[in-house]
Every structure is written in C-alpha cells, then in structure tokens.
Amino acid sequence: MTKKNKLKLCDWSLLVQTVFVLVSGLYLELTNSQDLFWVWVHVVLCSVFIGAVVWHLYLHFKWKSWFQRLKGQKSPVTRLLALFGVLAFVSGIVATAHWVCSYTHASIGGVHGKLGFIFIALAAGHTAKHFKFFKR
C-alpha cells in the first residue's frame, strides 16, 4: 500500500472517529458525565482516536521531531490544532486518572471537554482546508 493510500485510509478513519468522539463528548457534557458506561466508551473511543492521530502524524513526518515540525507549520490552524490536541490529550489523561480514583466528575474533566471541542472545531477547519484530498 502506498503512503498516499495509507494517508487516505487514516484520514477517512479519523473523519469517522471524530464523529463518534464528538457525539460521546457531547453526551458526557449534557449528562454531566454521570453515566459510568459512557465515560468508559468515551475513554476507549478517544484512545483509538489518539492512535489514529499518531498514525496520521507518522505518515506525514515519520518519527522526526514532530513538535518542531508542527510548530513550524505555515497554517495557524494546524499549529493551533497541534497545541489544542496536546492540551486535550494531557487533560484527558488527568481527567481519566481522577475518574478512576473517584468515579466523580471533576473540573479538569470540564476543562478537557472544552479543549476537546476546540480541538474538534480546529480539526474540522483542517479537514475543510484539505478536503480536496478526500474527493480524489
């Protein structure tokens, strides 16, 4: 499989996964994360999603200094996407650790949710900018 085909498969996978992550995140936001089952569904979905994001970055940059390459991107949307992706990831780990210890919603989970929604909005902009890749 060529790199272009792998990237297309990865990008379509990210597109589908983004919808599921968004829906599960909205559900948690609307229910104040009260349903244990849906919190775990969201954690699993987001873990798979992060794996796909890592695959996407690998296909673009291999393992060569991602932070420097992302910081040097011309597109401000791509730079912000990387920043909010890292913030959402780190806050997600902290929120999950808190959840595992207490099974209660914490303010860090709320912060994570807002960061995640910003990340998804930026990802939509990033996807729209590169939409011609999907059409081919």
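Here is a short report on the structure shown in this document. Just so it is clear, the structure is predicted and the values come from calculations on it, not from any experiment.

So, about the overall build of the protein. Looking only at helices and strands, the protein has six helices and zero strands in total. Listing each helix as α and each strand as β along the protein from the N terminus yields α-α-α-α-α-α. Its C-alpha atoms put the protein at 45 × 30 × 25 Å along the principal axes. With 136 residues in all, the protein has 35% of them scored as buried. Here the contacts in the protein between residues at least 6 apart in sequence split such that 69% fall between residues at least 24 apart. Looking at the protein as shown, the accessible area adds up to about 8600 Å², and 73% of this sits on carbon and sulfur atoms.

For helix α5 (residues 107-129), which comprises 23 residues, the first-to-last C-alpha distance of 33 Å matches the rise-based estimate of 33 Å (1.5 Å per residue) to within 8%. Within the sequence span of α5, burial applies to G110, H112, G113, L115, G116, F119, I120, L122, A123 and H126. Against the buried residues of α5 lie α1 (3-31), α2 (36-61) and α4 (76-102).

Moving on: the packing of α2 against α4. It is the contact of α2 with α4, at a shortest axis distance of 12 Å, that shows an interaxial angle of 145°. Handedness of the crossing formed by α2 with α4: left-handed. The segment α2 lies against α4, with L36, V39, W40, V43 and I50 engaging F89, T96, W99 and V100. Broken down by class, the residue content of the contact of α2 with α4 amounts to eight nonpolar, one polar and no charged.

A few words on a nonpolar patch on the surface. A cluster of nonpolar side chains, V86, F89, V90, I93 and V94, forms an exposed patch at the surface whose accessible area comes to about 400 Å². Tracing the sequence through the fold places V94 in helix α4. When its relative accessible area of 42% is taken as the criterion, V94 is described as partly exposed.

To continue, consider the packing of aromatic side chains. Two descriptors summarise a pair of aromatic rings, namely the distance from one centre to the other and the angle between the planes of the rings. Scanning the model with the defined rule gives four aromatic pairs in all. A ring pair is formed by F49 and F119, whose centres lie 6.1 Å apart and whose planes are at 85°; its orientation type is edge-to-face. Here F119 lies in helix α5 and F49 lies in helix α2, a separation of 70 residues in the sequence. For the pair formed by F49 and F119, the shared burial category is buried. Aromatic side chains W99 and Y103 sit 5.8 Å apart centroid to centroid with 80° between the ring planes, which places their arrangement in the edge-to-face category. Judged by relative accessible area, which is 46%, Y103 ranks as partly exposed. Among the aromatic residues, those joined into a cluster by ring pairs are Y27, F37 and W38.

Let us now look at the side chain of T78. Its location among the elements puts T78 in helix α4. Separated by 3.4 Å, the side chains of T78 and H126 make a polar contact. Leaving out residues up to four positions away in the same chain, T78 has contacts with Q73 and H126.

What counts as what
Residues numbered from 1 in each chain as written. Predicted model: local features only at pLDDT ≥ 70, side-chain atom pairs only at ≥ 80, totals over all residues. Heavy atoms only, no water. Helix = DSSP H or I, 4+ residues; strand = E, 2+ residues; numbered from the N terminus. Buried < 20%, exposed > 50% of the residue type's maximum accessible area, 1.4 Å probe, protein only. Contact = heavy atoms within 4.5 Å. Areas by Shrake-Rupley, 256 points an atom, 1.4 Å probe, with all protein chains shown as cover. Expected span 1.5 Å × (residues − 1). Axes fitted to C-alpha atoms, helices over the stretch in contact; angles between N-to-C directions. Left-handed = near helix turned anticlockwise from the far one by under 90°. Nonpolar A, V, L, I, M, F, W, Y, C, P; charged D, E, K, R; others polar. Patch = residues over 30% accessible without salt bridge, like charges linked within 9 Å, V, L, I, M, F, W, Y side chains within 5 Å. Salt bridge = Lys/Arg side-chain N within 4 Å of Asp/Glu carboxyl O. Phe/Tyr/Trp six-rings, centres within 6.5 Å; stacked < 30°, edge-to-face > 60°. Polar contact = N/O pair within 3.5 Å; in protein donor to acceptor, adjacent residues only side chain to side chain.

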